[in-house]
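# Residue-level structural notes
As a plain string of letters, each chain reads:
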Amino acid sequence: MKKKPIDHLKERLVEISHLVSILNLLNWDREVYMPKKGSDPRSVAIAHLSGIIHNKMIALDQDGLLSGLKKQLDEKKLKGKDAVIVTETWRTFDRERKLPEDFVRKLAETASMAQDVWAEAREKNDFKLFLPWLKKIVDLKKKEAELVGFSDSPYDALLDAYEPDLTSREASEVLNDLKDFLVPFLKKIRASKEGLDPSKLKGKFPLDKQIAFNEMLSKAIGFDFEAGRLDQSTHPFTTNFHPGDVRITTRYDDNDIIYSLGSTIHETGHALYEQGLPIEHFGTPLSESVSLGIHESQSRLWENNIGRSKPFWRYLYPILCKEFPEPFSKTPLDEFYKIINKVEPSLIRTQADEVTYNLHIIIRFEIEKEMIEGTIDLADLPQIWRAKVKEYLGIEVPNDKEGILQDVHWSAGLIGYFPTYSLGNLYAAQLYATMKKKIPNLAGEIAVGKFKEINVWLRENIHMHGKTFTARDLIKRATGEYLNSRFFNNYLEEKYGEIYSMK
Ligand code: MG
């Protein structure tokens, strides 16, 4: 029997996916094992392979295969899984083909150099050094938006690469609602008199014992070590080669084990999503995560909603105290719980607590949207940053190193990426509120270290669907409602109202 066009497409997609897995492996190795002198040749290898993958993507339509299937789709002749595969493959292909190869190369080269300049500028606390490179990046990203096309704001075209279908108007609405809640809420917390001392939780934690503890925890939550590894890197991340091989990394601090546990739980949440994708559809969009926002919701749900909850530490704290009586046995659970949830405005996003974190994101979102819309002078960014931090977080920024220069994203050409972090927090709160209703005795299960029901629920409602539904529809299906920041606000009010004894 003659093979159907959809089967030809699947074959080509599987081939591309294996190449992407090799690319991910090269990147993983670069962060985890590669010696310093391997850097330059590795960059060349990665650039070559990226080019091959780009060409393979374009070649999906070499003989009219993909556009033929797209025609069938538009004529409603494709149904179910086949329709999803063609819709989502077309989405990726269409973006890819609109960006000429010389443009992609130019952007990659500029971003690579801009990251080096950024690192130096941050080191020297010198924004002026970075400014011309930021200008180049912003111009290229404006060009990208033009090439891809947009109807309302050019920012839409960039956001779409990370959170498909979400418009900047919608993102603005949801983040503005969030800001309107968070700014006064933070003021109330700061006015309360709860004195919490994080230095009580510092001590001496030998690396081998930390590694063993982190592995134990990741496994307890549900990470399958026969389908993945946990390693170390400077910046924790998750990457996947296949649902049967998912790699996570964490980082260790000799004096602070809580630091590694937070990262490990976060990355385990990402990994459970990747391990939970339907293996039988590997290579197709049916076995791919739906958006960065949904991905981040999986990590944040585990890290914060579960991993910073009282029931979770009812389970884990006795084990932690047994393993590390020094320093923990001196601090009762209630006090420990409050300390790890301490709210304090700070300069650095990656160290922010659950309440202030999204204000860091909102600052970046507001600025980058204006950068792309061209309504801001890039030279004014340090001052704009300072004013926003003062207004939203109530603190002074002493230098650009801890201000406008702190994140790598813009130098790497990642504009439109930041909002997905906040979307992740909002989706997570909405999913958690639903889970509380759907899983009987959720808190009781968590308090005895039973996470099976949670994993089953997430797998059935999120993981197994791959890209079958858009993020918007997936959340509606899972929770009965479209994205709404109310869930997150309620979650914070309930949790921090108790911790800070606020009415
Ligand atoms: Mg993450």
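Residues numbered from 1 in each chain as written. Predicted model: local features only at pLDDT ≥ 70, side-chain atom pairs only at ≥ 80, totals over all residues. Heavy atoms only, no water.

## Details of the overall build of the chain
In plain terms, the rule: Where helices and strands are cited, they refer to DSSP runs of H or I of at least four residues and of E of at least two residues respectively, numbered from the N terminus. We compute the radius of gyration from the C-alpha atoms alone; for a globule the expected value is 2.2 Å times N to the 0.38, where N is the number of residues. Remark: exposure states derive from per-residue accessible area (1.4 Å probe, protein chains only) relative to the maximum for the residue type, with buried under 20%, exposed over 50%, and partly exposed in between. Residues count as neighbours in contact if any of their non-hydrogen atoms are within 4.5 Å of one another. Using a 1.4 Å probe, the Shrake-Rupley method yields the accessible areas, and only the shown protein chains count as cover for residues. For this count, His and the chain ends are skipped, Lys and Arg are scored as positive, and Asp and Glu as negative. By convention, charge coordinates are those of NZ in Lys, CZ in Arg, CG in Asp, or CD in Glu.
Check the secondary structure of the chain and you find 21 helices and three strands. Radius of gyration (C-alpha) of the chain: 23 Å, near the 23 Å computed for a compact globule of 503 residues. Dimensions along the principal axes, computed over C-alpha positions, put the chain at roughly 70 × 55 × 50 Å. Counting every position in the chain, which comprises 503 residues, the buried fraction comes to 54%. Within the chain, contacts between residues at least 6 apart in sequence are counted, and of these 72% link residues at least 24 apart. When the accessible area of the chain is evaluated, it comes to approximately 23,100 Å², of which 52% is carbon and sulfur surface. With 72 positive and 76 negative side-chain charges, the chain shows a spacing of 2 Å between the two charge centroids.

## Quick look at the coordination of the magnesium ion
Put simply, a metal with four donors set out as a tetrahedron has ideal angles of 109.5 degrees, and one with six donors set out as an octahedron has ideal angles of 90 or 180 degrees. The test is simple: The donor set covers N, O and S atoms within 2.8 Å of the metal, switching to 3.2 Å for Na, K and Ca, and it leaves out water, so a site may look short of donors.
Taken together, H266 (NE2), H270 (NE2) and E296 (OE) make up the full set of protein donors to the magnesium ion, lying 2.2 to 2.3 Å away. Read N to C, the donor residues that coordinate the magnesium ion are spaced as H-x3-H-x25-E. Note that H266 and H270 are positioned in helix 10 (residues 257–275) at a spacing of four residues, about one turn of the helix. On the basis of relative accessible area, H266 is assigned to the buried category, the value being 11%.

## Thoughts on the nonpolar core
Quick note on the threshold: Among buried residues, the Ala, Val, Leu, Ile, Met, Phe, Trp, Tyr and Cys ones that are joined through side-chain atoms within 4.5 Å form a nonpolar core.
Within the largest apolar cluster, 120 residues are counted, with the highest numbers of intra-cluster contacts made by F312, L320, F328, M371 and I454. If sequence neighbours within four positions are ignored, L320 has contacts with F213, I257, I258, L261, W313, F328 and F336. Judged by nonpolar contacts, the second largest core, of 23 residues, contains L13, L65, W90 and F93.

## Description of the domain arrangement of the chain
One frequent convention defines the size of an interface as the accessible area lost when the parts assemble. Inclusion rule: Domain delimitation in this document rests on an assignment produced automatically or drawn from a domain database. We define buried area as the total accessible area lost by two parts upon association, computed with a 1.4 Å probe and summed across both. We define a salt bridge as a side-chain nitrogen of Lys or Arg found within 4 Å of a carboxyl oxygen belonging to Asp or Glu. Under the rule applied, a polar contact is a pair of N or O atoms within 3.5 Å (in protein, one hydrogen donor and one hydrogen acceptor; residues adjacent in sequence only if both atoms are side-chain atoms). Gly is put with the polar residues, along with every residue not named as nonpolar or charged; the nonpolar set is Ala, Val, Leu, Ile, Met, Phe, Trp, Tyr, Cys and Pro, and the charged set is Asp, Glu, Lys and Arg.
When cut into domains, the chain gives domain 1 (5–97) and domain 2 (168–499). Between the C-alpha centres of domain 1 and domain 2 the distance comes to 29 Å. Taken together, the 18 residues of domain 1 in the interface contact 19 residues of domain 2. For the pair domain 1 and domain 2, the two sides together bury roughly 1,600 Å², of which 69% comes from carbon and sulfur. Considering only the side of domain 1, the residues that lose the most area to domain 2 are W28, V84 and E88, jointly responsible for 32% of the buried surface there. Our enumeration of links across domain 1 and domain 2 arrives at zero salt bridges. Applying the counting rule to domain 1 against domain 2 returns three residue pairs in polar contact (both at pLDDT 80 or more). Sorting the residues of the side of domain 1 that touches domain 2 by element identifies helix 1 (5–32) and helix 4 (80–98) as the ones contributing at least two each. When residues in the side of domain 1 that touches domain 2 are grouped by element, the largest group, eleven residues, is from helix 1. Taken together, the residues that form the side of domain 1 that touches domain 2 break down as eight nonpolar, five polar and five charged.

## Some details on the side chain of S21
Here S21 lies in helix 1. Of the residues examined, S21 reaches a relative accessible area of 11% and is grouped as buried. In contact with S21, other than residues within four places in its own chain, are F241 and F282.

## So, helix 16 (residues 381–393)
The periodicity of an α-helix, 3.6 residues per turn, causes residues three or four positions apart to be oriented the same way. For clarity, the threshold we go by: The span you would expect from a helix comes to 1.5 Å times its residue count less one. Taken from the helix axis, the directions to the C-beta atoms give the arc we talk about.
The end-to-end C-alpha distance of helix 16, which contains 13 residues, comes to 17 Å, matching closely the 18 Å that a straight helix rising 1.5 Å per residue would cover. Among the residues making up helix 16, those that are buried are L381, P382, W385, K388, V389, Y392 and L393. Buried positions in helix 16, seen along its axis, are confined to an arc of 130° and lie on one side of it. Contacts made by the buried residues of helix 16 are with helix 6 (127–148), helix 8 (168–191) and helix 15 (357–373).

## So, the environment of L378
The topology assignment puts L378 in the loop between helix 15 and helix 16. Accessibility expressed as a relative area gives 8% for L378, which makes it buried. Separated by 81 residues in sequence, L378 and R459 place their C-alpha atoms 44 Å apart. Once residues lying within four places of it in the same chain are set aside, the contact partners of L378 are F127, L131, L134, K135, V138 and M371.

## Observations concerning the pattern of salt bridges
Applying the stated criterion across every chain yields a total of 36 salt bridges. We note a salt bridge from E303 to R300, for which the minimum N-O separation is 2.9 Å. Highlighted residues: E303 and R300, both in helix 11 (residues 292–306), separated by three residues, approximately one helical turn. When its relative accessible area of 9% is taken as the criterion, E303 is described as buried.

## Focus on the packing of aromatic side chains
Geometry of an aromatic ring pair is reported as the spacing of the ring centres plus the angle between the planes. Operational definition: Any Phe, Tyr or Trp ring, taking Trp's six-membered ring, that has another such ring centre within 6.5 Å forms a pair; planes under 30 degrees apart are called stacked, those over 60 apart edge-to-face, and the others tilted.
Within this structure, the stated rule accounts for 23 aromatic pairs. Relative to F451, the ring of W302 has its centre 5.7 Å away and its plane inclined at 75°; by these criteria the two rings are edge-to-face. On the criterion of sequence distance, the pair formed by W302 in helix 11 and F451 in the loop between helix 18 (442–447) and helix 19 (452–461) is long-range, its members being 149 residues apart. With a relative accessible area of 1%, W302 lands in the buried category. With a relative accessible area of 3%, F451 lands in the buried category. Ring plane angle 75° and centroid distance 6.1 Å describe the contact between Y317 and F328, whose orientation is recorded as edge-to-face. Linking Y317 in helix 12 (residues 310–323) with F328 in helix 13 (residues 325–328), this pair joins segments that are eleven residues apart in sequence. On the basis of relative accessible area, Y317 is assigned to the buried category, the value being 4%.

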